[in-house]
2 protein chains.
Amino acid sequence: MSKVDNKPKRFTEVLDAAAEVFAEKGYHGASTTDIADKLEIKQAGIYYYFKSKDSALAEVCRLGVQGYVERLIVISQADLSADRKIREAIREHMQPFHDLPNYVQVFQYERRYLAGESRAEVNKLASKYEGELCRLFEAGVAAGDFRQDLDCKLATLALLGMCNSVTVWYDGKSKKQIQRIADHFADFIIDGILR
Amino acid sequence: MSKVDNKPKRFTEVLDAAAEVFAEKGYHGASTTDIADKLEIKQAGIYYYFKSKDSALAEVCRLGVQGYVERLIVISQADLSADRKIREAIREHMQPFHDLPNYVQVFQYERRYLAGESRAEVNKLASKYEGELCRLFEAGVAAGDFRQDLDCKLATLALLGMCNSVTVWYDGKSKKQIQRIADHFADFIIDGILR
DNA sequence: ATAAAATTTTATTAAGTTATAAAATAATAC
DNA sequence: GTATTATTTTATAACTTAATAAAATTTTAT
């Protein structure tokens, strides 16, 4: 269940349908008819809620990134060791994979089809998030917790790539499952796999 | 059937154009006109080379995975420690990101739009590759090189996700660069980032 | 119950899509 | 240089698509 600001319930249902269809078929592979079908209304009906197909994508993407930066900043300011912060960040990063998988997936894979303004907006957020994450690694190096020669930018990209790939195969069975995955992934990147 | 290698040069050019356009705009976002434009011929002209747009995607995807399983098997049979094999596998995995980025990207992101036969074919290869990779981790655990409690399946997925994400931001400047990335990523997953 | 507001349908437009077939042109072989 | 083959163009068919406007219907508030 996604809560969309304070807009009426029906608006959320339509947005959910769009997110679902975009996630399943891709933005260009999905038609406005597909969205309408899912809602059991006629194709033209969805234009009561959206100005265009493109704006529907923008809205879904926006909700797909929503809160990520804020949650990461909270973690970065917490009184924790660098490796604990990374662990916590991974958990927080993956939680939405369970809670709003379609929105996150669409943000991840379809945001590149956004145009102009809305594209810049979500990319800016993604960029900020990446930067914040990178600073977590840098803090770990500065504190002497992480290797001195660590390429923090590369570690950031590795972590993000690793984590984000989960959305492709995660089946969304239980909340416990996603946390288990998060913790294992944290082990991989922090401790490695050697005995 | 590696068509490209023994078919006339022009066929390769058309396939390259398809790969480029599919990578750039996505399969559904790309039109046959886009492909033709890139070749400076008319839209109908590409049907001399392909039965359908779908078959072009199938061919691009096939070339995108081509050789992956074979190269991994060579590594798995080599006389190397488990962690060395993983390192080597990552290098080999990433080399095509430099050599044929469009084909690999299309395989990664667009293969899901393939239908029936061709979809099953590439997925089978991807599955086999994943299995082989997993066995590398299992061998490491069995040999006592890796942690006894390692979730090998999860490690496999983590590694693949991490590595594959590189195609999104890699700019293809030099061969050295991709090897540097590969080696760093190997460090991350094998040794972790702790000091 | 009735007016107002919200939602959905019907009907339509204009543009873009893949794919085919036949004709035209260019390249190569003899 | 002509015949043969390879490649590209022209023309077009059959669909699908996003989006608009007005009418119809349903829901909500008074």
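The shown structure was predicted, so the numbers you read here are calculated from the model rather than taken from an experiment.

Next up on the list: the interface of chain B and chain A. Taken residue by residue, the interface counts 40 residues in chain B and 40 residues in chain A. If you look at where chain B meets chain A, you find four salt bridges. Here Asp151(A) makes a salt bridge to Arg180(B), at a shortest N to O gap of 2.6 Å. Taken together, the links from chain B to chain A amount to 24 residue pairs in polar contact (both at pLDDT 80 or more).

On to the relation of the copies chain B and chain A. Least-squares fitting of chain B to chain A yields an RMSD of 0.0 Å, with the superposition described by an axial translation of 0.0 Å and a rotation of 180°. Look at the turn and shift together and you get a two-fold axis relating the two. Same-surface contact between copies: 100% of interface residues of chain B are shared with the interface of chain A.

The next thing to look at is helix α6 (residues 82-99) of chain B. All names here are of chain B. Here α6 contains 18 residues, and its C-alpha end-to-end distance of 26 Å stays within 8% of the 26 Å for a straight helix at 1.5 Å per residue. Looking at α6, one finds that the buried residues are Ala82, Lys85, Ile86, Arg87, Ala89, Ile90, His93, Met94, Gln95, Pro96, Phe97 and His98. In this fold, the buried residues of α6 make contact with α5 (68-77), α7 (101-110), α8 (116-142), α9 (152-164), α10 (166-169) and α11 (175-191).

Next up on the list: the protein's contact with DNA strand C. What surrounds DNA strand C is a group of 16 residues, the closest being Lys42(A), Tyr49(A), Thr32(B), Tyr47(B) and Lys53(B). Here the atoms of DNA strand C within 4 Å of the protein split so that 61% fall in sugar or phosphate, with bases taking the remainder. Within the side chain of Tyr47(B), one N or O atom sits 2.6 Å away from a phosphate oxygen of DNA strand C. Classifying every residue of the surface near DNA strand C by side-chain character gives seven nonpolar, five polar and four charged.

Residues and elements named next belong to chain A. With respect to the helices and strands, Arg87 occurs in helix α5 (residues 82-99). For Arg87, the side chain forms a polar contact with the side chain of Asp191, separated by 3.1 Å. Residues contacting Arg87, with those up to four places away along its chain left out, are Asp183, Ala186, Asp187, Ile190 and Asp191.

In the neighbourhood of DNA strand D, 16 residues make up the surrounding shell, with Thr32(A), Tyr47(A), Lys53(A), Lys42(B) and Tyr49(B) lying closest. Of all DNA strand D atoms lying within 4 Å of any protein atom, the proportion belonging to sugar or phosphate reaches 60%. Taking Tyr47(A), its side chain carries an N or O atom lying 2.7 Å from a phosphate oxygen of DNA strand D. For DNA strand D, a phosphate oxygen lies 2.6 Å from a polar atom in the side chain of Tyr49(B). Of the residues belonging to the surface near DNA strand D, the class tally is seven nonpolar, five polar and four charged.

What counts, and where the lines are drawn
- Residues numbered from 1 in each chain as written.
- Chains lettered and ligands numbered in written order.
- Predicted model: local features only at pLDDT ≥ 70, side-chain atom pairs only at ≥ 80, totals over all residues.
- Heavy atoms only, no water.
- Contact = heavy atoms within 4.5 Å.
- Salt bridge = Lys/Arg side-chain N within 4 Å of Asp/Glu carboxyl O.
- Polar contact = N/O pair within 3.5 Å; in protein donor to acceptor, adjacent residues only side chain to side chain.
- Least-squares fit on C-alpha atoms with pLDDT ≥ 70 in both.
- Helix = DSSP H or I, 4+ residues; strand = E, 2+ residues; numbered from the N terminus.
- Expected span 1.5 Å × (residues − 1).
- Buried < 20%, exposed > 50% of the residue type's maximum accessible area, 1.4 Å probe, protein only.
- Near = heavy atom within 4 Å.
- Nonpolar A, V, L, I, M, F, W, Y, C, P; charged D, E, K, R; others polar.

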